[in-house]
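Architecture at a glance
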Amino acid sequence: MSLLEIKDLHATIHGKEILKGVNLTIRPGEVHAIMGPNGAGKSTLSYVLSGREGYEVTGGSVTFDGKDLFELEANERACEGLFLAFQYPVEIPGITNTTFLKHALNAKRKYHGEAELDGLEFVKLMRSKSKELGMPDDMLKRPVNVGFSGGEKKRNETLQMALLEPKLALLDETDSGLDIDALRVVAEGVNRLRSPERGVLCITHYQRLLDYLVPDFVHVLAEGKIVKSGDKNLALELEKTGYAEFGSAA
Amino acid sequence: MSEVIDPFLRGFGYSPVDLPLAQVEWMTNRRIEAKNAYERLGLPTNRLEDWKFTNLKKLRNVDFSLATKDFSISMAALPKAVPNIDAHRIVFVNGIFDAELSAIGELPNGVKLGSLAEAIEADPDSFENVLNASVDIDASALAALNTAYLADGLYLELDRAVMMEKPIHLVSLTYTGDEAVSFHPRHSIRLGDGAAATILESHVGVSGEMQSFGNAVSEIQLGRDANLGHYILQKEADHSSAYGLTTIKADKGSVYDGFTLNLGGEIIRNETLCDIDGEHADIRINGAYHADVKRHHDTTIRVNHNVPNSKSLAVFKGVLGDQGRGVFQAKTYVERGADGTDGQQLHKALLLSDKAEINAKPELEIYADDVKCAHGSTSGALDQMQLFYLESRGIDEERARALLVQAFLHEAVDHIRHSEICELFHAELEDKLGESA
Ligand SMILES: Nc1ncnc2c1ncn2[C@@H]1O[C@H](COP(=O)(O)OP(=O)(O)O)[C@@H](O)[C@H]1O
Ligand SMILES: [Mg+2]
């Protein structure tokens, strides 16, 4: 069975059609990359999949792990194992990172009928995960993403992913604004998660992340459609030729 | 003058000879003077500039009884809603000192803490020039009304250089039985040079079916380099309204760290009037409020920088839900020659419903040249992106909203400098909003 099956997906924002018939199948264990010019609809696709308000699905279907994705609320999709690593992680003053992560993890546990973790159990788990990512403890005590550098924010996204252990990780431009060290840490975090049951959909404008996160398939999204698919060599090719042939200057 | 139609004079007829301390001549004279001033001014209406956004009309037709000592309420124990902290506890029920529920404990040398009525009775003359030193009964009807009924409240006096370790916990319980009740407590707080104290003021409603109106005046005098932490937690019942006037006279180098957390009540107005009379004073009048259902929370502040080089800060955050209403009026006044003044005001409101309302009016009035003053006010709804971020991590919408509302208020609570009380106020917020953030 496929993990994610997108069929002829159409979606609009404020009445403007952005996705114009996307088809994509991800099977367990696979890493897919979606590349494409700016404005192609890459972020839109990630938001439509994760359930952000304001995006209207006007046609097609998406099945996630055998379930109709659009029957699920955003939080239910997350609990079912979908994870979006944001292109621009959101700052939330007044909630510490620890509290945020604890609510997230316990929401998922509760959804699956598992006992919620108490403070101590949770902190232990979180510490072990954050250590792997080389995150200092004070980042856990600070309010969510507030005052974090670009690299710290992406590291924080990776930590959330490590804790929530999603079946499918959607990475939206996770590499943008990172230095090489942070890029490596994030890629290692994603690689650690890879398993025969899990999938990754990595959205990126540049090829560099794919050096670390070697994809099984590469797709080009342009003007709301997947216009070309191939293996990792397609990414290398695109790096040289750019996206000009797909109708964009970017 | 024609028959007075007034909820606080009409019901029981004003009779100063029946009030406590009637034997003290200056007291009786002052009460009568104040009663006349109140009659002249009348209960504030929206026609007054200062009261444009807060309407006391609802109180006009209530048949209030005056809380008296005879109207005794025996409560076996403090209600659970009263925070439990290690402190010198002094309890007032409807403004009247309750020795049974109080636990003042051992006081350090140089500290006088107790019932104001008892203190005046013991030494009436020493209070003649203290009470109303900072209150103008011709300018404030409610302060005049408070003076007309002046009887009891907290009396705190710290000698020079005395530092109190434990906080003072002033517990104000509002109890309404079968009758609507009004009371007019007066708190007198004086810190000598270099003295330091912390006051937690808990306002808790015990029973809520009938209306109540608490009309308190607190006079605070800070000597040179004195330090007062003053934290107010308001959890009145839904039918309880309250007005509180706090006056602060701050001498050179004194520090006042104030925070008000308004969570309950019906019509609540906290008014602070601060005169900075010495350089390098550092005054913080901060707070947060959560006006849900039909609550009305009004914060009115005036800080007068009368001398150079002093500092004031007023940061308030409010959440307005349902038909809640918030008012924030703050004026920073900088006197001629008060150069080097640093005066900051900031109000932020979060509106959760179409029927909620906020009126914010921050003002600066500056007559000095070299000052650092700023004011700001924002209001808006919950941030959709923050909401989506939480939901995308598995947190359901209702909980995500509650977390964000709390986060908004927690941020304000972090201004409290006293760490134990800061934690307590965080916990109170969680208690009301039902999430742990
Ligand atoms: N909130 C929005 N309102 C209107 N148009 C939008 C909104 N968000 C994105 N768009 C438009 O949708 C198109 C696709 O955007 P996006 O998905 O962010 O592209 P990408 O991530 O591929 O750069 C762009 O033309 C963009 O201007
Ligand atoms: Mg994008």
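For the structure, check the block above.
Summarised in this report is the structure supplied together with it.

Thresholds applied
Residues numbered from 1 in each chain as written. Chains lettered and ligands numbered in written order. Predicted model: local features only at pLDDT ≥ 70, side-chain atom pairs only at ≥ 80, totals over all residues. Heavy atoms only, no water. Helix = DSSP H or I, 4+ residues; strand = E, 2+ residues; numbered from the N terminus. Rg over C-alpha atoms; globule rule 2.2 N^0.38 Å. Buried < 20%, exposed > 50% of the residue type's maximum accessible area, 1.4 Å probe, protein only. Contact = heavy atoms within 4.5 Å. Areas by Shrake-Rupley, 256 points an atom, 1.4 Å probe, with all protein chains shown as cover. Lys, Arg positive; Asp, Glu negative; His and termini not counted. Charge placed at Lys NZ, Arg CZ, Asp CG, Glu CD. Donors = N, O, S within 2.8 Å, 3.2 Å for Na, K, Ca; no water. Pairing = 2+ DSSP bridges. Axes fitted to C-alpha atoms, helices over the stretch in contact; angles between N-to-C directions. Buried area = accessible area lost by both parts, 1.4 Å probe. Salt bridge = Lys/Arg side-chain N within 4 Å of Asp/Glu carboxyl O. Parallel < 35°, antiparallel > 145°, perpendicular 65-115°, else oblique. Left-handed = near helix turned anticlockwise from the far one by under 90°. Nonpolar A, V, L, I, M, F, W, Y, C, P; charged D, E, K, R; others polar. Phe/Tyr/Trp six-rings, centres within 6.5 Å; stacked < 30°, edge-to-face > 60°. Lys NZ or Arg CZ within 6 Å of the ring centre and 35° of its normal. Polar contact = N/O pair within 3.5 Å; in protein donor to acceptor, adjacent residues only side chain to side chain. Near = heavy atom within 4 Å. Core = buried A, V, L, I, M, F, W, Y, C linked by side-chain atoms within 4.5 Å. Domains from an automatic or database assignment.

Let us now look at the overall build of chain A. Each helix and strand in chain A was counted, giving nine helices and twelve strands. Relative to the globule expectation of 18 Å for 250 residues, the C-alpha radius of gyration of chain A, 18 Å, shows essentially globular dimensions. The dimensions of chain A, computed from C-alpha atoms along their principal axes, are 55 × 40 × 35 Å. Evaluated residue by residue, chain A yields a buried proportion of 54% over its 250 residues. Contacts in chain A between residues at least 24 apart in sequence constitute 71% of all its contacts with a sequence separation of at least 6. Roughly 10,700 Å² of accessible area belongs to chain A as shown, and the carbon and sulfur atoms make up 49% of that amount. Charged side chains in chain A number 31 positive and 37 negative. The centres of these two groups are separated by 3 Å.

Residues and elements named next belong to chain A. Within the first shell, the magnesium ion (ligand 2) binds the protein through Ser-43 (OG) and Gln-87 (OE1), at distances of 2.1 to 2.7 Å. Here Gln-87 lies in the loop between strand E6 (82-85) and strand E7 (92-96) and Ser-43 lies in helix H1 (residues 42-50), a separation of 44 residues in the sequence. Gln-87 sits in the buried class, given a relative accessible area of 16%.

So, about the sheet that holds strand E11 (residues 217-222) of chain A. Residues and elements named next belong to chain A. On the basis of which strands lie adjacent, the open sheet formed by six strands has the order E6-E9-E10-E3-E11-E12 and mixed pairing. Edge positions in the sheet fall to E6 and strand E12 (225-230), since each has one partner strand and no second. Sheet twist, expressed as the mean angle between neighbouring strand axes with direction ignored, is 20°. Looking at chain direction, E11 and E12 are connected through five bridges and run antiparallel.

Counting residues at the interface gives 21 residues for chain B and 30 residues for chain A. For the pair chain B and chain A, the summed buried surface comes to about 2,200 Å²; carbon and sulfur atoms form 66% of the total. On the chain B side of the interface with chain A, the three residues burying the most area are Phe-388, Tyr-389 and Arg-393 of chain B, jointly 36% of the side's total. Put simply, chain B and chain A have one salt bridge between them. The shortest N-O distance in the salt bridge between Glu-157 of chain A and Arg-393 of chain B comes to 2.8 Å.

Looking now at the packing of helix H5 (residues 384-391) of chain B against helix H6 (residues 397-413) of chain B. All names here are of chain B. Across the interface, H5 lies against H6 with an axial gap of 9 Å and an inter-helix angle of 125°. It follows that H5 is oblique to H6 by the angle criterion. Helix-helix and strand crossings are classified by hand; for H5 and H6 the assignment is right-handed. Between H5, through Gln-386, Leu-387, Leu-390 and Glu-391, and H6, the contact on the second element is made entirely by Glu-397, Ala-400, Arg-401, Leu-403 and Leu-404. Split by residue class, the contact of H5 with H6 holds five nonpolar, one polar and three charged.

Here the focus is the pattern of salt bridges. Residues and elements named next belong to chain B. For the structure shown, the criterion picks out 37 salt bridges over all chains. A salt bridge links Arg-284 to Asp-257; its shortest N-O distance comes to 2.7 Å. With Arg-284 in strand E15 (residues 282-291) and Asp-257 in strand E13 (residues 255-262), this pair connects stretches of sequence that are 27 residues apart. Of the two residues, Arg-284 and Asp-257, both sit in the buried class. Salt bridges here are not isolated pairs; linked through shared partners, they connect Asp-238, Asp-292, Arg-295 and Lys-432.

Below, the discussion takes up the packing of aromatic side chains. One pass over the full model with this rule turns up 15 aromatic pairs over all chains. Ring centres 5.2 Å apart and planes at 75° place the aromatic pair Phe-127 of chain B and Tyr-155 of chain B in the edge-to-face group. With Phe-127 of chain B in the loop between helix H3 (116-122) and helix H4 (141-148) and Tyr-155 of chain B in strand E5 (residues 154-158), this residue pair connects regions lying 28 residues apart in the sequence. Summarising the burial analysis for this pair, Phe-127 of chain B and Tyr-155 of chain B share the class buried. Among the aromatic residues, ring-to-ring pairing joins Tyr-47, Tyr-55, Phe-86 and Phe-100 of chain A together with Phe-388 and Tyr-389 of chain B into one connected group. One cation-aromatic arrangement involves Arg-269 of chain B over Trp-51 of chain B; the distance from NZ or CZ to the ring centre is 3.7 Å.

Residue and element names in this part refer to chain B. Burial of strand E4 (residues 111-115) is extensive: four of the five residues sit out of reach of the surface. Relative to E5, E4 runs antiparallel, the two being bridged by five bridges. Residue Ser-115 lies in a different strand from E5, and its bridge partner there is Leu-154.

Turning our eyes to something else, we now look at the side chain of Gln-345 of chain B. All names here are of chain B. Position of Gln-345 relative to the elements: it lies in strand E19 (residues 342-351). In this structure the side chain of Gln-345 is engaged in a polar contact, spanning 3.1 Å, whose partner is the backbone oxygen of Glu-363. Discounting residues that sit within four places of it in the chain, Gln-345 has contacts with Ala-314, Ala-330, Lys-331, Thr-332, Pro-362, Glu-363, Leu-364, Ala-374, His-375 and Gly-376.

Now for the site of ligand 1. Residue and element names in this part refer to chain A. Around ligand 1, the surrounding shell consists of Ile-13, His-14, Lys-16, Ile-18, Pro-37, Asn-38, Gly-39, Ala-40, Gly-41, Lys-42, Ser-43 and Thr-44. One of the side-chain nitrogen or oxygen atoms of Lys-16 is found 3.4 Å away from an oxygen atom of ligand 1. Separating an oxygen atom of ligand 1 from a backbone N or O atom of Ala-40 is a distance of 3.2 Å. Expressed as a share of its isolated accessible area of 560 Å², the protein-covered part of ligand 1 is 64%. Elements supplying a minimum of two residues to the shell around ligand 1: strand E2 (16-26) and H1.

A few words on the nonpolar core. Judged by nonpolar contacts, the single largest core of 110 residues is most densely connected at Ile-6, Leu-49 and Leu-171 of chain A together with Phe-259 and Phe-425 of chain B. At nine residues, the largest contribution of residues to this core is made by H6 of chain B. Taken together, domain 1 (16-278) and domain 2 (383-437) of chain B each give at least three residues to this core, which thus spans both. Grouped together as the second largest cluster of nonpolar side chains are 43 residues, Ile-90, Ile-220, Ile-301 and Val-307 of chain B included.

Take it as geometry only, folks, not as evidence of what the structure does.
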